[in-house]
Amino acid sequence: MILDGKALSDRIKAELTAQTTAFTAQTGVTPCLATILVGEDPASAVYVRSKRRSCAKIGYESRHHHLPADTTQADLLQLVHDLNADDAVHGILVQLPLPKSIDADAIIDAIALHKDVDGFHPRSVGHLALKKPGFAPCTPAGIMRLLQESGIELSGKRAVVIGRSAIVGLPAVLMLTHADATVTVAHSRTTRADLEDLVRKADVVVAAVGRPEFVPGAWIKPGAVVIDVGINRVPNPADPDNPRGMLVGDVEFAAAAERASWITPVPGGVGPMTIAMLMTNTLVAARRAAGLVAFGRSGNQPPEPDRRSDGRS
Ligand code: GUN
C-alpha cells in the first residue's frame with residue numbers, strides 16, 4: 001500500500017487552517033514564519049516558494065528575505081538577530097544550503113530556540129536526543145507522523161536508516177529509537193555487502209542518501225515498510241529530450257513496491273509531510289508566544305522562550 005504523504009499533508013494543513021482561525025480570533029495574533037533564502041539555488045527557491053504558499057493557504061503571514069549570494073556572514077547574522085527580537089515573527093527558517101562563504105552552523109546557532117521551527121539548532125537536537133520538549137526536524141517528524149497515522153507499529157521492529165545527515169538521518173535514528181524500534185544506521189562508509197544484509201533483515205527501511213535508486217527493490221524484505229526520502233532528478237527514458245527529466249527516490253520503487261507492505265512514492269510521500277510539520281511547528285511557536293499551552297505531541301512542543309532580552313539563545 002502507498003503511504004500517501006500528500007493526502008495526509010493536505011489533511012494536516014486543513015486542520016491547521018481551522019486551528020489558526022480559532023487562534024487568531026482568540027488572540028488577534030496571526031502566526032508568522034520568516035523565510036530567508038540566500039543566493040539563487042533553483043531547488044531552494046522552489047522549496048521556499050512551496051513553504052510560503054502553504055503559509056498563505058493556512059492563514060499565516062510569511063515574511064520573505066531574499067538576499068544576494070554575496071551577502072556577508074555579519075549581515076545575515078544581523079538579520080537573524082533582528083528576527084529573533086521581532087515579537088511578530090514566530091518562526092525563522094533559513095533555507096539550506098547556504099553559500100560556502102557563510103558559516104551555516106553559526107547562523108543556525110543564532111536562531112532563538114523558541115523560533116527554531118526547523119529544529120536544526122544544536123540545542124533543539126540535544127532536546128530531541130534526550131526526549132525533552134522542543135522542535136523536531138520536520139522531515140523525520142513527518143516520517144514518524146506518516147507511520148503513526150497509518151497504524152504502523154514500530155516497537156521491537158528492526159529499522160535501518162540509510163544516511164546520517166543532521167537534517168534527516170541522525171534525527172530519524174533518534175526518533176525511531178524513541179519509538180522503541182531496534183535501529184541500525186548505515187552511511188556512505190557502510191560496505192555494499194553490509195548494507196544489503198541490513199536492508200534484507202529490516203522491517204522498516206528509511207533511505208536518505210540522495211542517490212537515485214541506491215537501494216535495489218530486490219533487497220526489501222517481504223512485508224517491510226519503505227520510507228524513501230530521496231528526491232533525485234534523472235533523465236526520463238520515456239522522454240529523453242525533456243531537460244527536466246523525472247524524479248526518482250533512493251529506492252528502486254517498482255521492484256520494492258512488489259515486496260513492501262507500505263511504501264512512500266516519490267514525489268508525494270515524505271516531501272509534503274516535511275512542509276506539514278513546518279506548518280505545525282509554526283503554529284505551536286505562535287501559540288506558545290501568545291502564552292497558550294502548546295498543543296500536539298511532546299516531540300512538537302517547544303521549550304520555554306529564551307529570557308535574554310535580545311532574544312538570542
Ligand atoms: N534544505 C533541505 N531541506 C531543508 C529543510 O527542511 N529546511 C531548511 N531550512 N533547509 C533545507
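Please refer to the structure placed before this passage.
Everything quoted here is computed from the prediction, not taken from an experiment.

1. A look at the overall build of the chain
- Scanning the chain from terminus to terminus reveals 10 helices and 10 strands.
- For 313 residues, the compact-globule estimate of 2.2 N^0.38 gives 20 Å, and the C-alpha radius of gyration of the chain, at 20 Å, lies within 12% of that figure.
- A principal-axis box enclosing the C-alpha atoms of the chain has dimensions of 55 × 45 × 35 Å.
- Burial analysis of the chain (313 residues in total) assigns 48% to the buried set.
- Long-range pairs, those at least 24 residues apart, make up 69% of the contacts in the chain between residues at least 6 apart in sequence.
- A total accessible area of about 14300 Å² is found for the chain, and carbon and sulfur atoms account for 54% of it.
- Across the chain, the centroid of the 33 positively charged side chains sits 4 Å from that of the 33 negatively charged ones.

2. Looking at the site of the ligand
- In the neighbourhood of the ligand, the contacting residues comprise K51, L93, V94, Q95, L96, D118 and F120.
- The separation between a nitrogen atom of the ligand and a polar main-chain atom of V94 is 2.8 Å.
- A distance of 3.0 Å separates a nitrogen atom of the ligand from a polar backbone atom of L96.
- Residue composition of the shell around the ligand, grouped by class: four nonpolar, one polar and two charged.

3. Examining helix 7 (residues 169-178)
- Taken as a whole, helix 7 has its buried residues at G169, P171, A172, V173, M175 and L176.
- Residues of helix 7 that are buried make contact with helix 5 (122-129), helix 6 (138-149), strand 4 (158-162), strand 5 (182-186) and strand 6 (204-207).
- Downstream of helix 7 by a residue or two, D180 has a phi angle that is positive, lying close to 75°.

4. Comments concerning the sheet that holds strand 1 (residues 32-38)
- Across the sheet, which stays open at both edges, the three strands sit in the order 2-1-3 with parallel pairing between neighbours. Edge strands, defined here as strands with exactly one partner in the open sheet, are strand 2 (61-67) and strand 3 (91-94). Within the sheet, the average angular offset between the axes of one strand and its neighbour, ignoring direction, is 15°.
- Direction of pairing for strand 1 relative to strand 2: parallel, over a ladder of seven bridges. Across the sheet, I36 pairs through a bridge with H65, a residue of strand 2.
- Each of strand 1, strand 2 and strand 3 touches helix 2 (residues 42-58); the most contacted strand, strand 1, lies at about 170° to it.

5. Focus on the environment of T24
- For T24, the position within the fold is in helix 1 (residues 5-27).
- Spatially, the C-alpha atoms of T24 and D109 are 30 Å apart, while their sequence positions differ by 85 residues.
- Once residues within four sequence positions are removed from consideration, T24 is found in contact with V29, T30 and P31.

6. Quick notes on the sheet that holds strand 4
- Strand order across the open sheet formed by five strands is 5-4-6-7-10, with parallel pairing between neighbours. Where the open sheet ends on each side, the last strands, each with one partner, are strand 5 and strand 10 (262-263).
- Against the sheet, helix 7 engages strand 4, strand 5 and strand 6, with an angle of about 170° to strand 4.

7. Topic: the nonpolar core
- Membership of the largest hydrophobic core comes to 48 residues, with the highest contact counts inside it found for L147, L176, V206, V225, I227, V229 and M279.
- Taken together, the elements giving at least two residues each to this core come down to helix 1, helix 2, helix 6, strand 4, helix 7, strand 6, strand 7 (225-228) and helix 10 (270-289).
- Counting residues per element, this core draws most heavily on helix 10, at 11 residues.
- Discounting chain neighbours no more than four positions away, the residues touching V225 are L3, L147, I152, D203, V204, V205, S261 and W262.
- Core analysis: the second largest hydrophobic core is formed by 18 residues, A207, V215, V251 and A256 among them.

8. Considerations on the environment of L247
- Along the chain, L247 turns up in strand 9 (residues 246-248).
- Distance from L247 to I231, taken between C-alpha atoms, is 6.2 Å for residues 16 residues apart in sequence.

9. Details of the pattern of salt bridges
- One pass over the full model with this rule turns up nine salt bridges.
- In this structure, the salt-bridge partner of E149 is R11, at a minimum N-O distance of 2.6 Å. Taken together, the residues E149 in helix 6 and R11 in helix 1 connect sequence positions 138 residues apart.
- E149 gets classed as partly exposed once you look at its relative accessible area, which sits at 36%.
- Linked through salt bridges whose partners overlap, the residues forming this network are R11, E15, R145 and E149.

10. Some thoughts on helix 10
- A rise of 1.5 Å per residue sets the reference length of helix 10, with its 20 residues, at 28 Å; its end C-alpha atoms lie 29 Å apart and thus fit the reference within 8%.
- By the criterion of burial, helix 10 is predominantly enclosed, with 17 of the 20 residues buried.
- After helix 10 finishes, the residue G291 shows a positive phi value of roughly 85°.

Conventions and cut-offs
- Residues numbered from 1 in each chain as written.
- Predicted model: local features only at pLDDT ≥ 70, side-chain atom pairs only at ≥ 80, totals over all residues.
- Heavy atoms only, no water.
- Helix = DSSP H or I, 4+ residues; strand = E, 2+ residues; numbered from the N terminus.
- Rg over C-alpha atoms; globule rule 2.2 N^0.38 Å.
- Buried < 20%, exposed > 50% of the residue type's maximum accessible area, 1.4 Å probe, protein only.
- Contact = heavy atoms within 4.5 Å.
- Areas by Shrake-Rupley, 256 points an atom, 1.4 Å probe, with all protein chains shown as cover.
- Lys, Arg positive; Asp, Glu negative; His and termini not counted.
- Charge placed at Lys NZ, Arg CZ, Asp CG, Glu CD.
- Near = heavy atom within 4 Å.
- Polar contact = N/O pair within 3.5 Å; in protein donor to acceptor, adjacent residues only side chain to side chain.
- Nonpolar A, V, L, I, M, F, W, Y, C, P; charged D, E, K, R; others polar.
- Pairing = 2+ DSSP bridges.
- Axes fitted to C-alpha atoms, helices over the stretch in contact; angles between N-to-C directions.
- Core = buried A, V, L, I, M, F, W, Y, C linked by side-chain atoms within 4.5 Å.
- Salt bridge = Lys/Arg side-chain N within 4 Å of Asp/Glu carboxyl O.
- Expected span 1.5 Å × (residues − 1).

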